[in-house]
Structure formats: C-alpha cells, structure tokens
Amino acid sequence: MSQITLNLDNAASFIDTDLSDKYAGKTRDILQKMEKNSDKADEFLGWIDLPEKIDNEILDKIENTARQFKENYEAVVLVGIGGSYLGARAVIHALSPIFKNAYTDNPEVYYAGQNLDEDYHYELLEELQDKDYGVVVISKSGTTTEPGIAFRLLKQDLERKMGKEEAAKRIIAITDAKKGALRKLADEEGYTSFSIPDNIGGRYSVLTSVGLVPIALAGHNFRDMIEGAENMRKVTTSEVPFGENMASQYAAIRNELYARGKVIELFGTYSTRFHYIQEWWRQLFGESEGKDGKGIFPSSVEFTTDLHSMGQYIQEGHKMIFETILSLYSTDQILAVPSRDDDTDQLNYLAEKPVHEINIMAESGTRLAHVDGGVPNITLGIPRITAYNLGQLLYFFEKACAISGNLLGVNPFDQPGVEAYKKNMFALLQKPGFETVSENLLKRVNPHDQKERLF
C-alpha cells in the first residue's frame, strides 16, 4: 500500500542543530510514557493503540447501520461541533464529489450545530423540507449549546412531519456510554446509539464512532481508513528510531523552529479537497498546544488561491512563519489545457499539459521562493486521496501533536481555556447557576449596543 512521506530538507536548513542528537531521546521517552499509560482513562491516550484494538463488533454495527440508513434515507444531517464533527467532515469532504454527491448512491451530507448562525439553521431546515433525511447527533454530554440547539430544531422538524416514533428511527446518537443528557434521551426514545470512549478526547476521536459512523453513512470505506491508521501507528512507536519516525521528526522540527521565533505555522495545500483536513488540523494543534502562554499558532492557506491574497506577506512580511505543505502526488482525473490557434491569452505554452502537472510546478516554484524568502518549508507527501492514506495522515498528526505538546511542556489533552467564553455566554443568557457572574458581566456590557444589535 502507498505511504505518506515527510521531507524536512527545506526546514532543516534554517537550523544549526542536529535534530536526532537533541530530540531522539526526548521523543522516545515521551512515546514510551504514552504507550505505557494508554489504558488509563484519565490520561486520554486511548487513541494511541485504537487502530489495533478497535472492536470488530462495533465496526460490524457501524457497517450494518450505514447500509440500512442508505437504503431508507436520501440525506443525513451531522450535528456536532469541534472534535465531534471536524474529523468526519474532513474525510467526507476529501473523498466525496466536490460539488454534489446526489448523483451517487450515497446520502447527501449536511452539517448543523457547528455555529449559532440563525440564518444558517433556518435555511438548512428549508433545504430539508423536501428531503427524506435522518440525523446523527454527536455530543459526549448532550448539553453543548450549539449542537444542542440544532438537534432540538431538527428533532422538532422530524416529529412534526412523521411523529415521534418514526422520528426516533431516523436518529443516531453518539455519546457517553453511561451518563449525560443525550445518553438518557437515546435510551428513553430508543435511538440507535454508539458510545464515545472515556479515554479519548474529542479532537483525537476521528477513529472512534464519532468519525467512523458519519464516514460510513456517507458511503466511504472506513475499514481502509483504520488500516491506514494502523500502518502509521506501527511506524511511529517508541521502538522506531528517530531517523525513521515521521511523528517524532515533525514534532521535533516544529519545536526547534518555534524556539527560533517561528511562532506561526501555515498548513498549506494545493487541493480544495483538503479544506476540512486543515480545519481539523487547526483545532488539533491549537487546542492541544495553545496554553500556559505557549504554543505555535496554527493557521492555514489554500494555494494557489491564497498566493493572490497572502503571498506577499508570506514572501516579504515578518519572519515569524514556517509552512507545512500537504503535497498531493496524483489525482484520479486528467484534464489537459486546450490549445488555441490565436493564443490571445498567451497560454499555448501550457497546451496539452494536465492541470495537476501545472499545479505541481506552481507548488515547487512557490516552495523555492518562500524558502529563498526566509520561510522554512516542511513537506508532507500524500500519494492519492484515499481512505487508507487519510487514515495514515490523521493518525500521523494525532501522534505528532501529542509528542509536540509534551516537548513544549503542556498537556496536549486538556482545554481549560475553552470554558472561559462558555461561562460568560451562560451568564449573559441567564442560565441557572450563573446569576452572580451575570450581574458582574452586565456591568461591562453596553446595554444600548446589545439592544441595537438584537432589535
């Protein structure tokens, strides 16, 4: 099977340190500690050996559920936010037709609960009026605000159309195995349900039911994805030497560049299919490393599009940036540039060349220009966009992120800062239990501004 690759040549030239000498022992120790504690629920390390240990009964249930769903419904709405949906969306977006999948046998996939935009959810409900659809709701607690509101709206819509009993048959709940509001509701109303492991956090959960169920419902081969992840697990264990361990090398070069003032990482791609891979990556690294006043800021760019907006800054702006480029070797389509007799646009020098070949040359030229301009470049090569390769890629990033966070000296598995905005939002919305906080916050909010915005 094909293998993703890592090339550090255009980044290592910016440092005068032997990465192996400085990081081989550190990364090995981190990996050994994580592997030793992978079964401890409070360590949130269950994802490390998940590709190897995943229960075949769960996979069979996912497969059967997807088959039945596909036979009965033309659309599915995935309700979740952050780690509860980004992994699945990343894979589905990468593997599905770019513009519309209605001409395939797979259900159309819609998304809800990832924002509080009233227009978005209103128009989604309008779009679904003529659709025979079901819902997958993903939430560990069942009380997260954004997906909770979206699920209320969709549940109400289904129950109005076909009654409570039929609506329940169309809802799949992915939640805590034993506790929480969504678990209670799923058990009471008889939803098909799947459990989220206690020892795996949201942003590391794409290889659990959280990611696999939606991916299967969209018609994609989740077993190939698991196989790819298992391949990457084997080549990134503590027993693999640093010089052969992609995850350790990537974590090391990131931290070395960070120590030298490169505080922003631009994750760049040249394929629109990778858009939500970038979104998922940004959450993974941002939420894992951004704490205690530390962390590389994860940002993303889509080339060549963003070369016409961000290219100037990257080339000649503040030298606090390094790039990680996900390079696609080949595509399934061949679309050549046509020749024209008049050559008015002066593009005949490209005639008969496949567009992907031109894209590759644009990538190579940009990389050279940015390196010459003082921007280190890391290259990740992916042979083709397949479920197997995506499984490799996502597991690689998870493992590298965990190592990198430990090298940085932070806990890569918690997110205490996320609670700050929630506390304020709950107080301003006068949620029970937040009355004292609400009184203090209201003194800091301009009441005239709030009134004007709301009415």
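Everything that follows concerns the structure shown earlier in this document.
Residues numbered from 1 in each chain as written. Predicted model: local features only at pLDDT ≥ 70, side-chain atom pairs only at ≥ 80, totals over all residues. Heavy atoms only, no water.

K.L.:
I'd like a rundown of the sheet that holds strand S4 (residues 133-138), residues and numbers included.
P.N.:
Across the sheet, five strands lie side by side as S3-S2-S4-S5-S6; this open sheet has parallel pairing. Because the sheet does not close on itself, it has two edges, and the strands there are strand S3 (108-112) and strand S6 (192-196). Within the sheet, the average angular offset between the axes of one strand and its neighbour, ignoring direction, is 20°. Where S4 meets strand S5 (residues 171-176), four bridges bridge the pair, whose relative direction is parallel. Its bridge partner being in S5, Val136 is matched across the sheet by Ile172. Strands strand S2 (75-79), S3, S4 and S5 of the sheet are contacted by helix H7 (residues 145-169), whose axis makes an angle of about 135° with S4. Across the face of the sheet, helix H8 (residues 181-189) comes into contact with S4, S5 and S6 while running at roughly 140° to S5. (Pairing = 2+ DSSP bridges. Helix = DSSP H or I, 4+ residues; strand = E, 2+ residues; numbered from the N terminus. Axes fitted to C-alpha atoms, helices over the stretch in contact; angles between N-to-C directions. Contact = heavy atoms within 4.5 Å.)

K.L.:
Give me the side chain of Asp49: which residues, what numbers.
P.N.:
Turning to its location among the elements, Asp49 is positioned in the loop between helix H2 (19-36) and helix H3 (50-53). When residues no more than four places from it in sequence are discounted, the contact partners of Asp49 are Ser38, Asp39 and Arg233.

K.L.:
Explain the nonpolar core to me, using residue names and the numbers behind them.
P.N.:
By size, the foremost hydrophobic cluster in this structure holds 90 residues, and its most contacted members are Met34, Trp47, Ile174, Tyr250, Ile253, Phe396 and Phe397. Here this core gets 11 residues from one element, more than from any other, and that element is helix H15 (residues 387-408). With residues near it in sequence (within four places) discarded, Phe396 still touches Ile4, Met232, Met246, Ala247, Tyr250 and Leu380. One finds Tyr110, Leu124, Leu154 and Ala173 within the second-largest nonpolar core, a separate group that totals 22 residues. (Core = buried A, V, L, I, M, F, W, Y, C linked by side-chain atoms within 4.5 Å. Buried < 20%, exposed > 50% of the residue type's maximum accessible area, 1.4 Å probe, protein only.)

K.L.:
Before we move on, could you go through the pairing of strand S9 (residues 321-328) and cite the residues and values that matter?
P.N.:
Where burial is concerned, most of S9 is hidden: eight out of the eight residues are buried. Side chains of S9 alternate between two faces, with Ile321, Glu323, Ile325 and Ser327 and Phe322, Thr324, Leu326 and Leu328 buried alike. Both strand S7 (residues 264-269) and S9 contribute to a ladder of six bridges, which runs parallel. By the bridge assignment for S9, Thr269 is matched with Leu326.

K.L.:
Explain a negative patch on the surface residue by residue, including any values.
P.N.:
Residues Asp117, Glu118, Asp119, Glu123 and Glu126 make up a contiguous surface patch of negative charge. Topologically, Glu126 is positioned in helix H6 (residues 118-127). (Patch = residues over 30% accessible without salt bridge, like charges linked within 9 Å, V, L, I, M, F, W, Y side chains within 5 Å. Areas by Shrake-Rupley, 256 points an atom, 1.4 Å probe, with all protein chains shown as cover. Salt bridge = Lys/Arg side-chain N within 4 Å of Asp/Glu carboxyl O. Lys, Arg positive; Asp, Glu negative; His and termini not counted. Charge placed at Lys NZ, Arg CZ, Asp CG, Glu CD.)

K.L.:
Give me unusual backbone geometry: which residues, what numbers.
P.N.:
Excluding glycine, a negative phi dihedral is what most residues carry, and trans is how most peptide bonds are arranged. Backbone torsion omega between Phe303 and Thr304 reads 10°, so that peptide bond is classified as cis. Secondary-structure assignment places Thr304 in the loop between strand S8 (297-302) and helix H13 (311-316). In this structure, Gln346 takes a positive phi of about 60° despite not being glycine. When you line up the elements, Gln346 lands in the loop between S9 and helix H14 (355-372). With a relative accessible area of 60%, Gln346 lands in the exposed category.

K.L.:
Let's hear about the pattern of salt bridges: which residues, and what values?
P.N.:
According to the stated counting rule, one finds 30 salt bridges in the structure shown. One salt bridge in this structure joins Arg223 and Glu63, with 3.2 Å as the shortest N-O distance. Remark: Glu63 occurs in helix H4 (residues 56-72) and Arg223 occurs in helix H10 (residues 222-234); sequence separation between them is 160 residues. Residue classification places Arg223 among the partly exposed positions, given a relative accessible area of 27%. Here Lys155 makes a salt bridge to Glu189, at a shortest N to O gap of 3.5 Å. Remark: Glu189 occurs in helix H8 and Lys155 occurs in helix H7; sequence separation between them is 34 residues.

K.L.:
If you had to explain a nonpolar patch on the surface to someone new, which residues and values would you point to?
P.N.:
Taken together, the side chains of Leu116, Ile149 and Leu153 define a hydrophobic patch exposed on the protein surface, amounting to about 240 Å² of accessible area. In this fold, Leu116 is placed in the loop between S3 and H6.

K.L.:
A description of the packing of aromatic side chains should follow, citing residues and the corresponding values.
P.N.:
Inspection of the entire model under this criterion finds 17 aromatic pairs. Here Phe267 and Phe397 contribute two aromatic rings whose centre-to-centre distance is 5.5 Å and whose plane-to-plane angle is 75°, an arrangement assigned as edge-to-face. Taken together, the positions of Phe267 in strand S7 and Phe397 in helix H15 put the pair 130 residues apart, joining distant regions of the chain. Take Phe267: its relative accessible area is 0%, and that puts it in the buried class. Of note, Lys26 hangs over the ring of Tyr23, and the distance from its end group to the ring centre comes to 5.5 Å. (Phe/Tyr/Trp six-rings, centres within 6.5 Å; stacked < 30°, edge-to-face > 60°. Lys NZ or Arg CZ within 6 Å of the ring centre and 35° of its normal.)

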